[in-house]
Amino acid sequence: MNWLRHLTIRRKLMLLILLSCGTALCLAGAAFVGYDFWMFRRTMIREITVLADVLGNNSTAALSFNARDTAEEMLSALRTQPHIVTACLYDKNGRVFAAYARSHAAAHIPAQVDNRGCRFDSNQLTVFRPIWLGNKQVGTIYLESDLTELTQRLQLYLIMVSIKVLLVLLVVLGLALKLQGFISRPILALTATAKAVSEHRNYALRTQKTTTDELGVLTDTFNEMLTQIQSREAELQRAHDELEARVAERTAALSKANAALQKEVGERQCAEAGLRIKTEELARSNTELEQFAYIASHDLQEPLRMVSSYLQLLEQRYAGKLDATANEFIHYAVDGAARMRTLVRDLLEYSRVGRRKQELAVVNCRAVFDNILLNLKETIADTQAKVTAGDLPTVRADSTELTQLFQNLIANAIKFHGAQPPAVRLTADRQDGHWHFTVRDNGIGIAPEFADRIFVIFQRLHSRSHYPGNGLGLAICKKIVERYGGRIWVESTPGQGATFHFTLPAISIKDHQP
Amino acid sequence: MNHIQLMKHRRTRGVGLLLAGLLAWALPGRGASPTEYEVKAAFLFNFAQFIEWPAKAFASTNAPFVIGVLGDDPFGHVLNQTVQGETLNGRLIALKHSNRLEELTGCQILFVSRSEKTRLPQVLAAIGNSGVLTVGETDQFLRHGGVINFVTTHENKVRFEINLSAAERQGLKLNAKLLKVAQTVVAPANLEDR
């Protein structure tokens, strides 16, 4: 019965009505046919009994006077009763007196008289009736009727009842189609409204109330519910609108602030652009300056060499031929020329940093250090200095520049020694992404306020008479370190030595394995 | 009457006769066939059951029903056996036998024996119209005013013929069924023809 649940309510109502009516009609029809069948059987029995009695009564004389031909003639009148198959008269001794058969084939005449009266068999009705004359039985009559009439009547009745049932069902169908609407229409209206409400979220819809029964109450309740939902929905909408207004307000304030911020960012970008232009200008002027320094120092070398050469010639050729003052002047001039040569050479050196277009190579710092010890052998020997180094790495750099860097720092450390002989130590340790080098000495140290000035070109803290030099060494160092993206600084306490720090980028494994 | 109509259908008589013949042949008879007078005795009694007598025929309401035999008695004790213990409409049955008509007054049925053949007219005239069923067994019995006459067919079967006019004269009401089984029913006109 699961399919029954999926039927629409209209179908269910129709089915209900039709099933009830159909069942009632069929039962009534069956009862009708059954009753009629039973009644007809009774009628048949009565009729055949009456017929037998009439025939029996009419044959009393024939039986009494042994008039067999008369009896047979009388029986043959049964032709008019086609349902009588066989008829037979027995005399008072039970012997066959006269017989009748509708056809030869159907003839079946019981040899014995049977006093059982009427009997229905599967396809025949038989009757034995005694024949009385006065108070004496003069014989017996036997009749056999076929049941064709009964069967035909039953068939006819069944057909008629079936047609009747069908016709009535048709009428019922029509009625049911009309009447089921009383129940299904309000329900369908409710369903349609509920569906529309749920689909379109339109809580203003209402169902038309058509009845005052339970369905009417249901409709009212449903409508009332919709009203409540509608008012709630309106409240919700109001709250929602308020919230949206507030959000819009906040958004406006935020966008205003954002616009201000944008403006500021724009201004800042403007300023940055200006700064960049300035920086570029500065870099260009710096480059031009370096270019100038290079060209100047390079071009100065030639006249300086000439001045220096001729001054040396003058000193050699006229030694002892001029007076003491002249000799002293010539000596000053030679000395000045020599210092100028050093100065020009150093200047050229400074401006050359980063100009060499050499490819960077993997350089072993230990080898560089050993080479420096060889270069500074005389100075070390003179000052009895002690120069050592820890474990040194390999870095990617220009070896000439690296030598210059290390040598300047070590030479400086030796130069600015104190009372005791200088002790200089070069170490390196790995920090993330770069090598941190330190050059520590036990010299005179530097006051903190000069810590930045010492890296500026031509800046000197001491007179040349105390410590020789032209103020270019540390400037060159700074330039080399910065060229490799590193940093250089000093930590020192006057009188207690100084420590120079600088960083160089570490090389990757790939670079390590050329 | 229904049965009169039934009798008119003679078309299928042959079939019935054939069947009856077959059955009669197939079913052996019970003992010997009845004799002529056994049949006639039974018929005499049976006539009484299909005929209504006028009240004047009886001396009183409880008078017996009398069957008389005139002339030589051909029945012997057969007639006595036939009516033994029977009643007719509550009346006892009495038998009388005489050669003299005077001794047979008050009979309801009077059987006129073959021996009286010669004096039939006198006998029947003497009986008059006193409500007596006269039964004979001679050719001229009906012609002389007898009511019923026994005839023997060539098959040696006993049948009877009826004089309807004589019956009316005697005031007897004959049942139509009786007329049906009679071999011949004659009216006075018919009698003249013969």
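Everything numeric in this text was worked out from a predicted model, so none of it was measured.

### A word on the confidence of the model for chain B
All names here are of chain B.
At step 1: Of all residues in chain B, 80% have pLDDT values of 70 or greater, and the mean over the chain is 81.
At step 2: Element-level mean pLDDT values for chain B span from 40 in helix α1 (residues 2–7) up to 94 in strand β5 (residues 109–112).
At step 3: Within the model, pLDDT remains below 50 along residues 1–31, and this stretch shows 40 contacts once partners closer than five positions in the same chain are excluded.
At step 4: The complex model carries a pTM of 0.50, and its ipTM stands at 0.76.

### Considerations on the nonpolar core
At step 1: Core analysis: the largest hydrophobic core is formed by 76 residues, its most contacted members being Ala71, Leu75 and Leu89 of chain A together with Ile109 and Leu110 of chain B.
At step 2: Listed in part, the 39 residues of the second largest apolar core include Leu347, Val368, Phe406 and Trp435 of chain A.

### So, the sheet that holds strand β11 (residues 488–492) of chain A
Residues and elements named next belong to chain A.
At step 1: Here five strands make up an open sheet; going across it, the order is β7-β9-β10-β12-β11 and the pairing mixed. The open sheet is flanked by β7 (386–389) and β11, the only strands paired with a single partner. On average, adjacent strands in this sheet sit at an angle of 20 degrees to one another, irrespective of strand direction.
At step 2: Two strands pair when backbone bridges link them, and strand β9 (residues 423–431) and strand β10 (residues 434–440) are joined in this way by seven bridges, in the antiparallel orientation. Residue pairing for β10: Arg430 is matched across the bridge by Trp435.

### Overview of helix α10 (residues 399–415) of chain A
At step 1: Over its 17 residues, α10 of chain A extends 23 Å from the first C-alpha to the last, a length consistent with the 24 Å expected when each residue adds 1.5 Å.
At step 2: By the burial criterion, the buried members of α10 of chain A are Glu401, Leu402, Gln404, Leu405, Phe406, Asn408, Leu409, Ile410, Asn412, Ala413 and Ile414 of chain A.

### Let's talk about unusual backbone geometry
At step 1: With a phi close to 55 degrees, Arg201 of chain A is a non-glycine residue in the positive phi region.
At step 2: Assignment of secondary structure puts Arg201 of chain A in the loop between α5 (148–200) and α6 (214–317).
At step 3: Accessibility expressed as a C-beta count within 10 Å gives 9 for Arg201 of chain A, which makes it exposed.
At step 4: Within the chain, Asn89 of chain B stands out as a residue other than glycine whose phi angle is a positive 55 degrees.
At step 5: Relative to the elements of secondary structure, Asn89 of chain B occurs in the loop between β3 (87–88) and β4 (91–98).

### Things to note about the environment of Gly68 of chain B
All names here are of chain B.
At step 1: Structurally, Gly68 is set in strand β2 (residues 65–70).
At step 2: Given 22 C-beta atoms within a 10 Å radius, Gly68 is considered buried.
At step 3: For Gly68, the residues in contact, after removing those within four places along its chain, are Lys96, Leu104, Cys107, Ile109, Leu110 and Phe111.

### Remarks on the pairing of β10 of chain A
Consecutive side chains of a regular strand alternate in pointing toward one face of the sheet and then the other.
Residues and elements named next belong to chain A.
At step 1: Residue alternation in β10 divides its side chains into a buried set, Trp435, Phe437 and Val439, and an unburied set, His434, His436, Thr438 and Arg440.
At step 2: Taken together, β9 and the strand that follows it, β10, pair antiparallel across an intervening segment of two residues, in which Gly433 is found at a positive phi of about 85 degrees.
At step 3: For β10 and strand β12 (residues 498–505), the ladder comprises seven bridges, and the chain directions are antiparallel. Along β12, the bridge assignment pairs His434 with Pro505.

Calculation rules
Residues numbered from 1 in each chain as written. Chains lettered and ligands numbered in written order. Predicted model: local features only at pLDDT ≥ 70, side-chain atom pairs only at ≥ 80, totals over all residues. pLDDT = per-residue confidence, 0-100. Helix = DSSP H or I, 4+ residues; strand = E, 2+ residues; numbered from the N terminus. Contact = placed C-beta atoms within 7 Å. Core = buried A, V, L, I, M, F, W, Y, C linked by C-beta atoms within 7 Å. Buried ≥ 20, exposed ≤ 12 C-beta atoms within 10 Å, placed from the backbone. Pairing = 2+ DSSP bridges. Axes fitted to C-alpha atoms, helices over the stretch in contact; angles between N-to-C directions. Expected span 1.5 Å × (residues − 1).

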